[in-house]
Amino acid sequence: MGRSEDKDAIWYPYSSAENLAGGDDVLPQIVRAQGIWLWDAQDRGYMDLIASWWVNLHGHGHPRLLAALQEQSQRLGHIALAGATHEGARRLAARLIDALGGDFSRVFFSDNGSTAVEVALKLAWQYWRQRGKKRKRFIAFKGNYHGDTLAAMSVGFSCGFYEPFADMVLPTDFVPFAATWHGDNQDADKQARALRALDEQLERGGDDIAAVIIEPLVQGAGGMRMSSVAFLQAVMERLREHGTLVIFDEVLTGFYRTGKLFACDYVTHKPDMVCLAKGLTGGMMPLAATVVGAKVTQAFDGRSGAERFMHGHTYTAHPLGCAVAHASLDLLQEPTTQARITSIEALHATWLRRLAHHPRVHRCRQRGVIAAFDYGADKSYHEGIVDGMRRRCIDAGLWLRPLGSTMYMLPPYCISDDELNEAWLRLQNVLEEFA
(Lines give C-alpha, C1' and ligand atoms only; values in the text may rest on other atoms or scores of the structure.)
Protein backbone atom coordinates (compact mmCIF):
# COMPACT_ATOMS: atom_id res chain seq x y z
CA MET A 1 0.00 0.00 0.00
CA GLY A 2 3.02 2.27 0.09
CA ARG A 3 2.80 2.98 3.83
CA SER A 4 3.60 0.85 6.83
CA GLU A 5 0.49 -0.34 8.62
CA ASP A 6 1.40 1.51 11.81
CA LYS A 7 1.74 4.87 10.06
CA ASP A 8 -0.97 7.24 11.27
CA ALA A 9 -1.96 9.32 8.24
CA ILE A 10 -5.06 10.87 9.82
CA TRP A 11 -5.35 14.65 9.96
CA TYR A 12 -7.25 14.97 13.23
CA PRO A 13 -10.01 17.54 13.86
CA TYR A 14 -8.85 20.90 15.19
CA SER A 15 -5.15 20.06 14.95
CA SER A 16 -2.07 20.75 12.92
CA ALA A 17 -1.17 18.19 10.26
CA GLU A 18 1.20 16.35 12.56
CA ASN A 19 0.11 13.06 14.04
CA LEU A 20 -1.57 13.58 17.42
CA ALA A 21 -2.57 9.97 18.08
CA GLY A 22 0.27 9.57 20.56
CA GLY A 23 -0.02 12.99 22.18
CA ASP A 24 0.00 13.53 25.92
CA ASP A 25 -3.58 14.72 26.20
CA VAL A 26 -5.47 12.28 23.98
CA LEU A 27 -6.87 8.84 24.69
CA PRO A 28 -4.89 5.76 23.73
CA GLN A 29 -6.28 3.88 20.74
CA ILE A 30 -9.78 2.68 21.63
CA VAL A 31 -10.61 -0.85 20.51
CA ARG A 32 -14.11 -1.44 21.94
CA ALA A 33 -16.92 0.23 23.87
CA GLN A 34 -19.98 -0.82 25.86
CA GLY A 35 -22.42 1.30 27.82
CA ILE A 36 -20.50 4.30 29.18
CA TRP A 37 -17.14 2.50 28.94
CA LEU A 38 -14.35 2.77 26.38
CA TRP A 39 -11.46 0.27 26.44
CA ASP A 40 -7.99 0.64 24.97
CA ALA A 41 -5.68 -2.04 23.59
CA GLN A 42 -4.36 -2.72 27.11
CA ASP A 43 -7.95 -3.36 28.27
CA ARG A 44 -7.99 -0.24 30.41
CA GLY A 45 -11.42 1.35 30.80
CA TYR A 46 -12.41 5.02 30.50
CA MET A 47 -15.77 6.51 31.40
CA ASP A 48 -17.25 8.33 28.41
CA LEU A 49 -18.64 11.40 30.15
CA ILE A 50 -19.17 13.50 27.02
CA ALA A 51 -21.28 10.95 25.16
CA SER A 52 -18.65 10.75 22.41
CA TRP A 53 -18.99 14.37 21.34
CA TRP A 54 -22.59 14.62 22.54
CA VAL A 55 -24.04 11.97 20.23
CA ASN A 56 -24.40 8.87 22.37
CA LEU A 57 -27.73 8.98 24.17
CA HIS A 58 -28.14 5.37 25.25
CA GLY A 59 -24.60 4.05 25.64
CA HIS A 60 -22.22 2.28 23.31
CA GLY A 61 -23.34 -0.95 21.71
CA HIS A 62 -26.97 -0.70 22.78
CA PRO A 63 -28.64 -3.95 21.65
CA ARG A 64 -31.81 -2.23 20.40
CA LEU A 65 -29.84 0.10 18.14
CA LEU A 66 -27.64 -2.73 16.90
CA ALA A 67 -30.69 -4.85 16.13
CA ALA A 68 -32.32 -2.01 14.17
CA LEU A 69 -29.12 -1.47 12.22
CA GLN A 70 -28.72 -5.14 11.39
CA GLU A 71 -32.34 -5.63 10.39
CA GLN A 72 -32.32 -2.57 8.13
CA SER A 73 -29.01 -3.51 6.50
CA GLN A 74 -30.55 -6.78 5.35
CA ARG A 75 -33.41 -4.99 3.60
CA LEU A 76 -32.11 -1.68 2.23
CA GLY A 77 -28.65 -0.21 2.77
CA HIS A 78 -28.90 2.94 0.64
CA ILE A 79 -31.11 4.66 -1.87
CA ALA A 80 -30.69 8.14 -3.35
CA LEU A 81 -33.49 10.30 -1.95
CA ALA A 82 -33.42 12.46 -5.08
CA GLY A 83 -36.13 10.73 -7.12
CA ALA A 84 -36.81 7.89 -4.67
CA THR A 85 -37.98 7.46 -1.11
CA HIS A 86 -38.24 4.84 1.62
CA GLU A 87 -40.58 4.19 4.50
CA GLY A 88 -38.01 4.81 7.26
CA ALA A 89 -37.41 8.37 6.10
CA ARG A 90 -41.12 9.11 5.65
CA ARG A 91 -41.97 7.86 9.14
CA LEU A 92 -39.02 9.63 10.74
CA ALA A 93 -39.95 12.97 9.17
CA ALA A 94 -43.50 12.58 10.49
CA ARG A 95 -42.25 11.63 13.97
CA LEU A 96 -39.98 14.68 14.21
CA ILE A 97 -42.75 17.02 13.06
CA ASP A 98 -45.17 15.55 15.60
CA ALA A 99 -42.56 15.73 18.39
CA LEU A 100 -41.77 19.39 17.75
CA GLY A 101 -45.39 20.50 17.46
CA GLY A 102 -46.21 23.91 16.06
CA ASP A 103 -46.76 24.28 12.33
CA PHE A 104 -43.69 22.40 11.12
CA SER A 105 -44.46 20.73 7.80
CA ARG A 106 -41.31 19.38 6.13
CA VAL A 107 -38.00 17.76 7.10
CA PHE A 108 -34.85 18.12 4.99
CA PHE A 109 -32.38 15.36 5.87
CA SER A 110 -28.60 15.72 5.67
CA ASP A 111 -25.50 14.29 7.34
CA ASN A 112 -24.44 16.29 10.43
CA GLY A 113 -25.09 19.39 12.48
CA SER A 114 -23.14 21.70 10.23
CA THR A 115 -25.05 20.61 7.12
CA ALA A 116 -28.36 20.90 8.98
CA VAL A 117 -27.49 24.53 9.76
CA GLU A 118 -26.26 25.10 6.20
CA VAL A 119 -29.63 23.94 4.89
CA ALA A 120 -31.51 26.28 7.24
CA LEU A 121 -29.42 29.32 6.32
CA LYS A 122 -29.76 28.64 2.58
CA LEU A 123 -33.50 28.18 2.96
CA ALA A 124 -33.75 31.49 4.81
CA TRP A 125 -31.68 33.27 2.15
CA GLN A 126 -33.80 31.87 -0.70
CA TYR A 127 -37.09 32.30 1.15
CA TRP A 128 -36.88 36.09 0.94
CA ARG A 129 -35.93 36.00 -2.73
CA GLN A 130 -38.94 33.83 -3.44
CA ARG A 131 -40.97 36.62 -1.85
CA GLY A 132 -39.39 39.28 -4.06
CA LYS A 133 -36.92 40.56 -1.45
CA LYS A 134 -33.17 40.24 -1.05
CA ARG A 135 -32.25 40.09 2.60
CA LYS A 136 -28.52 39.66 2.96
CA ARG A 137 -27.65 39.66 6.68
CA PHE A 138 -27.93 37.24 9.57
CA ILE A 139 -27.96 37.84 13.32
CA ALA A 140 -26.28 35.39 15.68
CA PHE A 141 -25.22 35.39 19.33
CA LYS A 142 -21.66 35.93 20.50
CA GLY A 143 -20.06 32.65 21.45
CA ASN A 144 -22.36 30.50 19.33
CA TYR A 145 -20.86 27.65 17.33
CA HIS A 146 -22.88 26.17 14.46
CA GLY A 147 -20.41 24.04 12.51
CA ASP A 148 -17.49 24.37 10.14
CA THR A 149 -19.05 24.56 6.67
CA LEU A 150 -19.12 27.98 5.05
CA ALA A 151 -22.51 29.41 6.04
CA ALA A 152 -22.47 27.71 9.46
CA MET A 153 -19.00 29.11 10.03
CA SER A 154 -20.25 32.59 9.15
CA VAL A 155 -22.89 32.66 11.88
CA GLY A 156 -20.46 31.15 14.38
CA PHE A 157 -17.51 33.40 13.55
CA SER A 158 -17.46 35.00 17.00
CA CYS A 159 -16.49 31.68 18.62
CA GLY A 160 -12.87 32.39 17.59
CA PHE A 161 -12.19 29.37 15.36
CA TYR A 162 -12.19 30.99 11.96
CA GLU A 163 -9.74 33.88 11.67
CA PRO A 164 -8.04 32.49 8.50
CA PHE A 165 -11.43 32.58 6.76
CA ALA A 166 -12.48 36.12 7.63
CA ASP A 167 -12.81 37.09 3.95
CA MET A 168 -15.10 34.15 3.18
CA VAL A 169 -17.95 34.61 5.64
CA LEU A 170 -21.50 35.80 5.04
CA PRO A 171 -22.49 39.16 6.56
CA THR A 172 -23.49 38.44 10.15
CA ASP A 173 -24.09 40.73 13.11
CA PHE A 174 -23.44 39.35 16.60
CA VAL A 175 -25.34 40.28 19.74
CA PRO A 176 -24.56 39.36 23.38
CA PHE A 177 -25.68 36.08 24.90
CA ALA A 178 -26.83 36.51 28.52
CA ALA A 179 -24.80 33.69 30.05
CA THR A 180 -25.56 32.92 33.68
CA TRP A 181 -24.77 30.40 36.42
CA HIS A 182 -25.82 29.36 39.91
CA GLY A 183 -25.75 32.35 42.28
CA ASP A 184 -25.29 34.91 39.49
CA ASN A 185 -26.63 38.18 40.91
CA GLN A 186 -25.95 40.05 37.65
CA ASP A 187 -28.24 37.93 35.48
CA ALA A 188 -31.05 40.47 35.22
CA ASP A 189 -28.63 43.25 34.21
CA LYS A 190 -26.95 41.04 31.61
CA GLN A 191 -30.32 40.09 30.16
CA ALA A 192 -31.36 43.72 29.93
CA ARG A 193 -28.11 44.72 28.16
CA ALA A 194 -28.31 41.81 25.74
CA LEU A 195 -31.93 42.52 24.89
CA ARG A 196 -31.18 46.21 24.31
CA ALA A 197 -28.39 45.20 21.95
CA LEU A 198 -30.74 42.86 20.11
CA ASP A 199 -33.38 45.59 19.83
CA GLU A 200 -30.79 47.98 18.41
CA GLN A 201 -29.54 45.42 15.92
CA LEU A 202 -33.05 44.57 14.75
CA GLU A 203 -33.82 48.25 14.26
CA ARG A 204 -30.52 48.86 12.50
CA GLY A 205 -30.88 45.80 10.28
CA GLY A 206 -34.49 46.53 9.42
CA ASP A 207 -35.63 44.64 6.33
CA ASP A 208 -32.15 43.37 5.51
CA ILE A 209 -32.19 40.56 8.12
CA ALA A 210 -32.73 37.14 6.57
CA ALA A 211 -32.77 35.17 9.82
CA VAL A 212 -31.63 35.02 13.42
CA ILE A 213 -29.96 31.82 14.59
CA ILE A 214 -29.78 30.71 18.22
CA GLU A 215 -28.26 27.93 20.25
CA PRO A 216 -31.19 27.89 22.70
CA LEU A 217 -30.36 27.83 26.43
CA VAL A 218 -26.88 26.26 26.03
CA GLN A 219 -23.94 27.33 23.89
CA GLY A 220 -22.05 24.08 23.47
CA ALA A 221 -18.60 24.43 21.93
CA GLY A 222 -18.45 28.03 23.14
CA GLY A 223 -17.96 26.73 26.67
CA MET A 224 -21.29 25.27 27.82
CA ARG A 225 -22.52 28.80 28.49
CA MET A 226 -26.12 28.78 29.65
CA SER A 227 -28.92 31.32 29.63
CA SER A 228 -32.20 31.43 31.49
CA VAL A 229 -35.52 30.43 29.97
CA ALA A 230 -36.71 33.99 30.63
CA PHE A 231 -33.96 35.36 28.38
CA LEU A 232 -34.84 32.96 25.54
CA GLN A 233 -38.52 33.79 25.90
CA ALA A 234 -37.80 37.53 25.73
CA VAL A 235 -35.61 37.02 22.65
CA MET A 236 -38.34 35.08 20.88
CA GLU A 237 -40.97 37.71 21.66
CA ARG A 238 -38.82 40.38 20.04
CA LEU A 239 -38.04 38.28 17.00
CA ARG A 240 -41.68 37.39 16.44
CA GLU A 241 -42.62 41.07 16.70
CA HIS A 242 -39.94 41.96 14.17
CA GLY A 243 -41.08 39.28 11.70
CA THR A 244 -37.69 37.83 10.83
CA LEU A 245 -37.12 34.11 10.39
CA VAL A 246 -35.79 32.27 13.45
CA ILE A 247 -33.56 29.19 13.43
CA PHE A 248 -32.92 27.06 16.50
CA ASP A 249 -29.71 25.05 16.39
CA GLU A 250 -30.69 22.13 18.63
CA VAL A 251 -27.86 19.87 17.55
CA LEU A 252 -26.68 19.78 21.19
CA THR A 253 -29.87 20.61 23.07
CA GLY A 254 -32.28 18.19 21.41
CA PHE A 255 -33.45 14.83 22.79
CA TYR A 256 -33.77 15.74 26.48
CA ARG A 257 -30.29 17.21 26.94
CA THR A 258 -31.88 20.30 28.54
CA GLY A 259 -34.50 18.33 30.48
CA LYS A 260 -37.24 18.61 27.84
CA LEU A 261 -37.37 16.83 24.50
CA PHE A 262 -36.32 20.05 22.74
CA ALA A 263 -35.18 23.41 24.09
CA CYS A 264 -37.89 25.11 22.05
CA ASP A 265 -40.41 23.36 24.34
CA TYR A 266 -39.48 25.89 27.03
CA VAL A 267 -40.83 28.90 25.11
CA THR A 268 -44.25 29.86 23.77
CA HIS A 269 -43.10 30.88 20.29
CA LYS A 270 -41.78 28.17 17.98
CA PRO A 271 -38.89 28.95 15.61
CA ASP A 272 -39.31 28.70 11.83
CA MET A 273 -36.65 26.01 11.53
CA VAL A 274 -34.98 23.58 13.93
CA CYS A 275 -31.65 21.88 13.22
CA LEU A 276 -31.14 18.40 14.67
CA ALA A 277 -28.23 15.95 14.53
CA LYS A 278 -25.84 14.27 17.03
CA GLY A 279 -28.28 12.47 19.34
CA LEU A 280 -30.76 11.85 16.50
CA THR A 281 -29.43 8.32 15.96
CA GLY A 282 -28.13 7.74 19.49
CA GLY A 283 -24.57 8.03 18.21
CA MET A 284 -24.82 5.02 15.91
CA MET A 285 -24.92 6.59 12.42
CA PRO A 286 -24.46 10.05 10.84
CA LEU A 287 -27.83 11.71 10.26
CA ALA A 288 -29.18 15.24 10.54
CA ALA A 289 -32.48 16.97 9.96
CA THR A 290 -33.63 20.52 9.30
CA VAL A 291 -37.27 20.71 10.35
CA VAL A 292 -39.04 23.50 8.48
CA GLY A 293 -42.22 25.41 9.29
CA ALA A 294 -45.09 25.94 6.87
CA LYS A 295 -44.29 29.64 6.49
CA VAL A 296 -41.00 28.74 4.82
CA THR A 297 -42.14 25.73 2.83
CA GLN A 298 -45.04 27.67 1.32
CA ALA A 299 -42.55 30.00 -0.37
CA PHE A 300 -41.22 27.00 -2.30
CA ASP A 301 -44.57 25.38 -3.20
CA GLY A 302 -45.04 24.85 -6.94
CA ARG A 303 -41.65 26.32 -7.85
CA SER A 304 -39.60 25.03 -10.77
CA GLY A 305 -36.07 25.37 -12.08
CA ALA A 306 -33.70 27.39 -9.90
CA GLU A 307 -36.59 28.46 -7.67
CA ARG A 308 -36.70 24.96 -6.22
CA PHE A 309 -34.37 24.30 -3.30
CA MET A 310 -31.32 23.07 -5.21
CA HIS A 311 -29.55 21.29 -2.39
CA GLY A 312 -28.90 17.65 -1.57
CA HIS A 313 -26.50 15.10 -0.11
CA THR A 314 -25.57 11.61 -1.27
CA TYR A 315 -26.50 10.07 2.07
CA THR A 316 -29.62 12.17 2.68
CA ALA A 317 -32.03 10.17 4.89
CA HIS A 318 -29.69 7.17 4.82
CA PRO A 319 -31.91 4.12 5.54
CA LEU A 320 -29.54 2.75 8.20
CA GLY A 321 -29.48 6.10 9.99
CA CYS A 322 -33.27 6.39 9.85
CA ALA A 323 -33.68 2.89 11.27
CA VAL A 324 -31.52 3.53 14.33
CA ALA A 325 -33.12 6.97 14.77
CA HIS A 326 -36.49 5.26 15.16
CA ALA A 327 -35.01 2.84 17.69
CA SER A 328 -33.41 5.71 19.61
CA LEU A 329 -36.64 7.71 19.71
CA ASP A 330 -38.46 4.64 21.00
CA LEU A 331 -35.88 4.22 23.78
CA LEU A 332 -36.14 7.89 24.74
CA GLN A 333 -39.82 7.53 25.60
CA GLU A 334 -39.43 4.46 27.80
CA PRO A 335 -39.96 5.00 31.54
CA THR A 336 -36.52 3.61 32.38
CA THR A 337 -34.83 6.22 30.17
CA GLN A 338 -36.93 9.03 31.61
CA ALA A 339 -36.06 7.87 35.11
CA ARG A 340 -32.35 7.84 34.29
CA ILE A 341 -32.54 11.39 32.90
CA THR A 342 -34.22 12.58 36.10
CA SER A 343 -31.61 10.83 38.25
CA ILE A 344 -28.69 12.26 36.26
CA GLU A 345 -30.10 15.77 36.70
CA ALA A 346 -30.42 15.28 40.47
CA LEU A 347 -26.93 13.84 40.93
CA HIS A 348 -25.38 16.61 38.83
CA ALA A 349 -27.07 19.19 41.06
CA THR A 350 -25.80 17.49 44.22
CA TRP A 351 -22.21 17.35 43.02
CA LEU A 352 -22.20 20.91 41.70
CA ARG A 353 -23.29 22.12 45.14
CA ARG A 354 -20.37 20.25 46.68
CA LEU A 355 -17.82 21.50 44.17
CA ALA A 356 -19.01 25.09 44.48
CA HIS A 357 -17.00 25.30 47.72
CA HIS A 358 -13.74 24.43 45.94
CA PRO A 359 -11.54 27.55 45.83
CA ARG A 360 -10.78 27.19 42.11
CA VAL A 361 -14.23 26.15 40.92
CA HIS A 362 -16.33 29.02 39.57
CA ARG A 363 -19.61 29.62 37.77
CA CYS A 364 -21.25 26.24 38.39
CA ARG A 365 -24.17 25.78 36.04
CA GLN A 366 -26.58 23.11 34.88
CA ARG A 367 -29.31 22.62 32.36
CA GLY A 368 -30.86 19.17 32.34
CA VAL A 369 -28.19 16.48 31.99
CA ILE A 370 -25.48 19.06 31.15
CA ALA A 371 -23.35 20.09 34.13
CA ALA A 372 -20.47 22.54 33.83
CA PHE A 373 -18.14 24.78 35.81
CA ASP A 374 -15.07 26.90 35.19
CA TYR A 375 -11.78 25.93 36.78
CA GLY A 376 -8.95 28.26 37.77
CA ALA A 377 -8.20 31.49 35.95
CA ASP A 378 -10.09 32.31 32.76
CA LYS A 379 -8.35 31.22 29.59
CA SER A 380 -9.31 31.42 25.94
CA TYR A 381 -10.57 28.32 24.17
CA HIS A 382 -7.27 27.97 22.31
CA GLU A 383 -5.14 28.28 25.46
CA GLY A 384 -6.96 25.37 27.02
CA ILE A 385 -7.37 24.48 30.64
CA VAL A 386 -4.71 24.14 33.34
CA ASP A 387 -1.68 22.28 31.99
CA GLY A 388 -2.03 18.56 32.57
CA MET A 389 -5.72 18.57 33.53
CA ARG A 390 -6.93 16.59 30.55
CA ARG A 391 -4.04 14.15 30.88
CA ARG A 392 -4.80 13.68 34.57
CA CYS A 393 -8.46 12.99 33.80
CA ILE A 394 -7.43 10.33 31.31
CA ASP A 395 -5.10 8.80 33.90
CA ALA A 396 -8.10 8.71 36.26
CA GLY A 397 -10.15 6.82 33.66
CA LEU A 398 -12.29 9.83 32.70
CA TRP A 399 -12.85 10.82 29.09
CA LEU A 400 -13.53 14.56 29.23
CA ARG A 401 -12.79 17.31 26.71
CA PRO A 402 -12.47 20.65 28.57
CA LEU A 403 -13.62 23.73 26.64
CA GLY A 404 -11.09 26.38 27.48
CA SER A 405 -11.31 26.72 31.25
CA THR A 406 -14.66 24.91 31.33
CA MET A 407 -15.07 21.37 32.61
CA TYR A 408 -18.36 19.68 31.83
CA MET A 409 -20.16 16.34 32.01
CA LEU A 410 -22.82 15.18 29.57
CA PRO A 411 -23.02 11.40 29.97
CA PRO A 412 -25.11 8.81 28.11
CA TYR A 413 -28.46 8.23 29.75
CA CYS A 414 -27.60 4.62 30.58
CA ILE A 415 -25.07 5.68 33.22
CA SER A 416 -25.99 4.27 36.64
CA ASP A 417 -26.09 6.28 39.86
CA ASP A 418 -23.04 4.39 41.09
CA GLU A 419 -21.11 5.10 37.90
CA LEU A 420 -22.02 8.79 37.88
CA ASN A 421 -21.11 9.20 41.55
CA GLU A 422 -17.82 7.45 40.85
CA ALA A 423 -17.14 9.77 37.92
CA TRP A 424 -17.75 12.88 40.00
CA LEU A 425 -15.62 11.50 42.84
CA ARG A 426 -12.73 10.82 40.48
CA LEU A 427 -13.05 14.31 39.02
CA GLN A 428 -13.13 15.84 42.50
CA ASN A 429 -9.88 14.00 43.30
CA VAL A 430 -8.30 15.34 40.11
CA LEU A 431 -9.33 18.90 41.08
CA GLU A 432 -7.84 18.46 44.53
CA GLU A 433 -4.49 17.58 42.99
CA PHE A 434 -4.52 20.90 41.13
CA ALA A 435 -5.70 22.99 44.07
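Because the structure is predicted, anything quoted here is derived from the model rather than measured.

1. A few points about the packing of helix α6 (residues 187–205) against helix α7 (residues 229–242)
In step 1: Running from N to C, α6 and α7 point in directions that differ by 15 degrees, and their axes come no closer than 11 Å. Between α6 and α7, the angle is such that the two are roughly parallel. The handedness of the crossing between α6 and α7 comes out as right-handed. Where α6 approaches α7, its residues Q191, A194, L195, L198, D199 and L202 are matched on the opposing element by A230, F231, A234, V235, R238, L239 and H242.

2. Quick notes on the packing of aromatic side chains
In step 1: Using the criterion set out here, one finds ten aromatic pairs in the structure.
In step 2: Their ring planes at 25 degrees and their centres at 6.4 Å tell us that W37 and W39 sit as a pair that is stacked.
In step 3: A ring pair is formed by F177 and F231, whose centres lie 6.2 Å apart and whose planes are at 85 degrees; its orientation type is edge-to-face. With F177 in the loop between β6 (172–175) and α6 and F231 in helix α7, this residue pair connects regions lying 54 residues apart in the sequence.

3. Looking at the side chain of D184
In step 1: Along the chain, the position of D184 falls in the loop between β6 and α6.
In step 2: A distance of 2.6 Å separates the side chain of D184 from the side chain of K190, its partner in a polar contact.
In step 3: Filtering out sequence-adjacent residues up to four positions away, D184 remains in contact with A179 and K190.

4. Notes on the sheet that holds strand β7 (residues 209–214)
In step 1: Here we have seven strands laid out as an open sheet, ordered β4-β12-β11-β10-β7-β5-β6, and mixed in their pairing. In the strand order of this sheet, the two ends are held by β4 (104–110) and β6, each with one partner. Across the sheet, the mean angle separating the axes of adjacent strands is 20 degrees when strand polarity is ignored.
In step 2: Relative to β6, strand β5 (residues 137–141) runs parallel, the two sharing four bridges. Pairing of A140 across the sheet is with F174, part of β6.
In step 3: Running at roughly 160 degrees to β6, α6 makes contact with β5, β6 and β7 of the sheet.

5. Brief notes about the nonpolar core
In step 1: Core analysis: the biggest nonpolar cluster contains 103 residues, and L96, F109, I214, M224, F373, W424 and L427 have the highest contact counts within it.
In step 2: Counting 29 residues, the second-largest nonpolar core is a separate cluster that includes V119, L245, V296 and F300.

6. Some details on the sheet that holds strand β1 (residues 30–34)
In step 1: Strand order in this open sheet of four strands is β1-β2-β3-β15, and the pairing throughout is mixed. With one partner strand each, in any of the chains shown, β1 and β15 (398–399) form the two edges of the open sheet.
In step 2: As defined by bridge partners, β1 adjoins strand β2 (residues 37–40) across four bridges and the pair is classed as antiparallel. Bridge assignment links A33 to a residue of β2, and that residue is L38.

7. What about the state of the cysteines?
In step 1: The full count for this structure, using the stated rule, is zero disulfides.
In step 2: No disulfide involves C264; its nearest neighbouring cysteine sulfur is the one of C275, lying 11 Å away.
In step 3: Residue class for C264 comes out buried when judged on its relative accessible area of 0%.

What counts, and where the lines are drawn
Residues numbered from 1 in each chain as written. Predicted model: local features only at pLDDT ≥ 70, side-chain atom pairs only at ≥ 80, totals over all residues. Heavy atoms only, no water. Axes fitted to C-alpha atoms, helices over the stretch in contact; angles between N-to-C directions. Helix = DSSP H or I, 4+ residues; strand = E, 2+ residues; numbered from the N terminus. Parallel < 35°, antiparallel > 145°, perpendicular 65-115°, else oblique. Left-handed = near helix turned anticlockwise from the far one by under 90°. Contact = heavy atoms within 4.5 Å. Phe/Tyr/Trp six-rings, centres within 6.5 Å; stacked < 30°, edge-to-face > 60°. Polar contact = N/O pair within 3.5 Å; in protein donor to acceptor, adjacent residues only side chain to side chain. Pairing = 2+ DSSP bridges. Core = buried A, V, L, I, M, F, W, Y, C linked by side-chain atoms within 4.5 Å. Buried < 20%, exposed > 50% of the residue type's maximum accessible area, 1.4 Å probe, protein only. Disulfide = S-S within 2.5 Å.

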